[in-house]
Amino acid sequence: MDRCRAQEFQAFVAGAAGRLLHAATLLTAEPATANPQAQRLLTGALARTYAEWDRLRGEDPYNRTRQELAVRFARSAWRYHRVRGGVLDRLSPQERLILVLRLYEGVAEEQTAAIIGLPADRVRAICNRAVSTMRSAPRPPRRAVLRAAS
């Protein structure tokens, strides 16, 4: 029984880990080549999914793991304010969470709102603001501004 459970979970991880790690990397705003916090975040989410594997009973393990990933990120979002050089590092942690869930993962607005505990219209507004920020030209690094002023 335990061996079967472990094999099922290993098959799930083999198929889903790449996409989940990419989502975690986007959330933590780390570069794809150096993402230790994203790896820790995903490991915790996968550990929780494995612990609940027998109780999933027909629930999609990918959705469950994605939800756990979002919840873990939201609980520790204060850790992810520093600029790390990732694709979404110009966004706040809340904007990254909503943008990743809505646009990268394709989660419905209402479901995203339920996961993070905000009204759907607030999720829509934050997502729109995040998209606008990403479409705007990035600010030059502080050193470049100082050199240009000299």
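All figures in this text were calculated on a predicted structure; none of them were measured in a lab.

## Quick notes on the overall build of the protein
Helix and strand counts for the protein come out as seven helices and zero strands. Listed N to C, the secondary structure of the protein is α-α-α-α-α-α-α in terms of helices and strands. In the protein, which comprises 150 residues, the proportion classed as buried is 40%. In the protein, the proportion of contacts linking residues at least 24 apart, taken out of those at least 6 apart, comes to 61%. Surface accessibility of the protein: about 9100 Å² in total, with carbon and sulfur atoms responsible for 53%.

## With respect to the pattern of salt bridges
Charged atoms that come close allow side chains of opposite charge to pair. Scanning all chains against the criterion turns up nine salt bridges. One salt bridge connects Arg 19 with Glu 105, and the closest N-O pair in it is separated by 3.7 Å. Of this pair, Arg 19 sits in helix H1 (residues 2–28) while Glu 105 sits in the loop between helix H4 (93–104) and helix H5 (109–116), and the two are 86 residues apart along the sequence. Of the residues examined, Glu 105 reaches a relative accessible area of 10% and is grouped as buried. For the salt bridge of Glu 95 with Arg 129, the shortest nitrogen-to-oxygen distance reads 2.7 Å. A residue pair is termed long-range when its members are at least 10 positions apart, and Glu 95 in helix H4 and Arg 129 in helix H6 (residues 120–135) qualify at 34 residues. When its relative accessible area of 8% is taken as the criterion, Glu 95 is described as buried. Classification of Arg 129 by relative accessible area gives partly exposed; the value is 38%. Linked through salt bridges whose partners overlap, the residues forming this network are Arg 48, Glu 52, Arg 64, Glu 68 and Arg 72.

## A closer look at empty space enclosed by the protein
Enumeration according to the criterion identifies one cavity of 30 Å³ or more in this entry. There is about 50 Å³ of room inside the largest cavity. In this structure, the largest cavity is lined by Ala 23, Leu 27, Arg 66, Leu 69, Ala 70, Leu 97, Val 100, Leu 101 and Glu 105. Elements that contribute at least two residues to the lining of the largest cavity include exactly H1, helix H3 (61–75) and H4.

## Quick notes on the nonpolar core
By size, the foremost hydrophobic cluster in this structure holds 33 residues, and its most contacted members are Phe 12, Leu 20 and Leu 69. Mapped by element, the contributors of at least two residues to this core are H1, helix H2 (36–51), H3, H4, H5 and H6. Here this core gets eight residues from one element, more than from any other, and that element is H1. Excluding residues that lie within four positions of it along the chain, Leu 69 makes contacts with Leu 20, Ala 23, Ala 24, Leu 27, Leu 41, Leu 42 and Ala 45.

## What to know about the side chain of Arg 64
Examined against the element boundaries, Arg 64 turns out to sit in helix H3. Of note is the side chain of Arg 64, whose polar atom sits 3.1 Å from the side chain of Glu 52. Not counting the four nearest positions on each side in its chain, Arg 64 is found in contact with Arg 48, Thr 49, Glu 52, Leu 56 and Glu 59.

## Considering the confidence of the model for the protein
Across the protein, the average pLDDT comes to 87, with 87% of residues at 70 or higher. For the protein, per-element mean pLDDT is lowest for helix H7 (residues 142–149), which scores 52, and highest for H6, which scores 95.

## A few points about the environment of Arg 96
Inspection of the secondary structure assignment puts Arg 96 in helix H4. A residue is classified by how much of its surface remains accessible, and Arg 96, at 1% relative accessible area, is buried. Along the chain, Arg 96 and Thr 28 lie 68 residues apart, while their C-alpha atoms are 8.3 Å from each other. A distance of 2.9 Å separates the side chain of Arg 96 from the backbone oxygen of Leu 91, its partner in a polar contact.

Rules and cut-offs
- Residues numbered from 1 in each chain as written.
- Predicted model: local features only at pLDDT ≥ 70, side-chain atom pairs only at ≥ 80, totals over all residues.
- Heavy atoms only, no water.
- Helix = DSSP H or I, 4+ residues; strand = E, 2+ residues; numbered from the N terminus.
- Buried < 20%, exposed > 50% of the residue type's maximum accessible area, 1.4 Å probe, protein only.
- Contact = heavy atoms within 4.5 Å.
- Areas by Shrake-Rupley, 256 points an atom, 1.4 Å probe, with all protein chains shown as cover.
- Salt bridge = Lys/Arg side-chain N within 4 Å of Asp/Glu carboxyl O.
- 1 Å grid on protein atoms, 1.4 Å probe; cavity = no way out; pocket = protein on both sides within 12 Å on 5 of 7 lines; lining within 4 Å.
- Points joined across faces, edges and corners; volume = space filled by probe spheres on them.
- Core = buried A, V, L, I, M, F, W, Y, C linked by side-chain atoms within 4.5 Å.
- Polar contact = N/O pair within 3.5 Å; in protein donor to acceptor, adjacent residues only side chain to side chain.
- pLDDT = per-residue confidence, 0-100.

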